[in-house]
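Each chain is listed here by its residues.
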Amino acid sequence: MLFTDLNAIEADFKAIKTRNYYKIWEPFMRKYNCQRVCELGVFKGDNFMNMIAHGPKLAVAVDSWRNEGVHSEKDAKYSKKELEAQFEYFRSRVNYLPFVQIIVENTAKAAERFPNNYFDFVYIDADHSVEGCTKDIVSWYPKVKYGKFLVGHDYRRGFGVVEAVNKFVAEKKLKLMFLAPSTWAVVKV
Ligand SMILES: C[S@@+](CC[C@H](N)C(=O)[O-])C[C@H]1O[C@@H](n2cnc3c(N)ncnc32)[C@H](O)[C@@H]1O
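Now for a quick tour of the structure. (Residues numbered from 1 in each chain as written. Predicted model: local features only at pLDDT ≥ 70, side-chain atom pairs only at ≥ 80, totals over all residues. Heavy atoms only, no water.)

### Quick look at the packing of aromatic side chains
Scanning all chains against the criterion turns up 21 aromatic pairs. When the centroid spacing of 5.3 Å and the interplanar angle of 85° are considered together, the rings of phenylalanine 48 and phenylalanine 90 count as edge-to-face. Of this pair, phenylalanine 48 sits in helix α3 (residues 46-51) while phenylalanine 90 sits in helix α4 (residues 80-94), and the two are 42 residues apart along the sequence. Like phenylalanine 90, phenylalanine 48 is buried. Here the aromatic rings of tyrosine 118 and phenylalanine 119 are separated by 5.1 Å at their centres, their planes lie at 85°, and the arrangement is edge-to-face. For phenylalanine 119, a relative accessible area of 0% corresponds to the buried category. Cation over ring: lysine 188 sits above tyrosine 146, and NZ or CZ is 4.4 Å from the ring centre. (Phe/Tyr/Trp six-rings, centres within 6.5 Å; stacked < 30°, edge-to-face > 60°. Helix = DSSP H or I, 4+ residues; strand = E, 2+ residues; numbered from the N terminus. Buried < 20%, exposed > 50% of the residue type's maximum accessible area, 1.4 Å probe, protein only. Lys NZ or Arg CZ within 6 Å of the ring centre and 35° of its normal.)

So, in structure tokens, the structure goes:
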């Protein structure tokens with residue numbers, strides 16, 4: 001089913017908001033029947049675990065779990081050993097879930113593994129620089145099904161996310177919506 005009534009979706013986003021950010025995902029995923037979901041930039045998996053609470057058919061977790069440069073304000077301060085520990089911790093959280101696929105790779109590169117029009121929901125929270133976020137948006141937008149969602153975190157002052165998202169939305173003439181104050185979302189059209 002295609003959800004093309006963007007105003008209705010936007011109104012729905014406003015209704016879904018809760019005090020606990022993570023609690024937005026379960027009602028959202030159920031309402032929009034998100035069966036194939038993906039997170040880019042997983043860290044220890046706090047957001048991921050909530051994003052999959054509805055039990056999708058496939059949940060892909062992509063993260064390099066390695067400090068390859070400027071990723072985001074969170075991981076720049078971690079040593080290799082700490083990043084590996086984060087990965088092991090995340091793995092232990094999802095080990096028993098057969099529908100979870102972990103990909104240890106650069107997020108933009110990992111897009112090549114999937115066909116176009118494949119995911120119901122892709123969440124971007126990896127490299128927050130203008131260049132990095134643009135690469136993720138451009139690489140993953142085609143992987144989203146028509147009428148489904150490309151969403152991301154940290155649309156806020158001081159992050160390259162704002163410029164990357166604004167440019168892409170303007171070029172593609174998309175409607176920019178917000179699930180939470182700094183969580184941007186577009187529907188693929
Ligand atoms: C802000 S944290 C993610 C937080 C997570 N989404 C959450 O809310 O629980 C960013 C993560 O993205 C990863 N990352 C950043 N840039 C990346 C890239 N280009 N490729 C792969 N992983 C990347 C880092 O290793 C880090 O774990």
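Once you've had a look at it, read on.
### Brief notes about unusual backbone geometry
What is expected of a backbone is that most residues other than glycine have negative phi and most peptide bonds are trans. A positive phi angle, close to 55°, is found at asparagine 117, a residue other than glycine. Summarising the element assignment, asparagine 117 is placed in the loop between α5 (107-110) and β4 (119-124). Its relative accessible area of 36% is what places asparagine 117 among the partly exposed residues. One non-glycine residue with positive phi stands out, namely aspartate 154, at about 65°. The residue aspartate 154 is located in the loop between β5 (144-152) and α7 (161-172) in this model.

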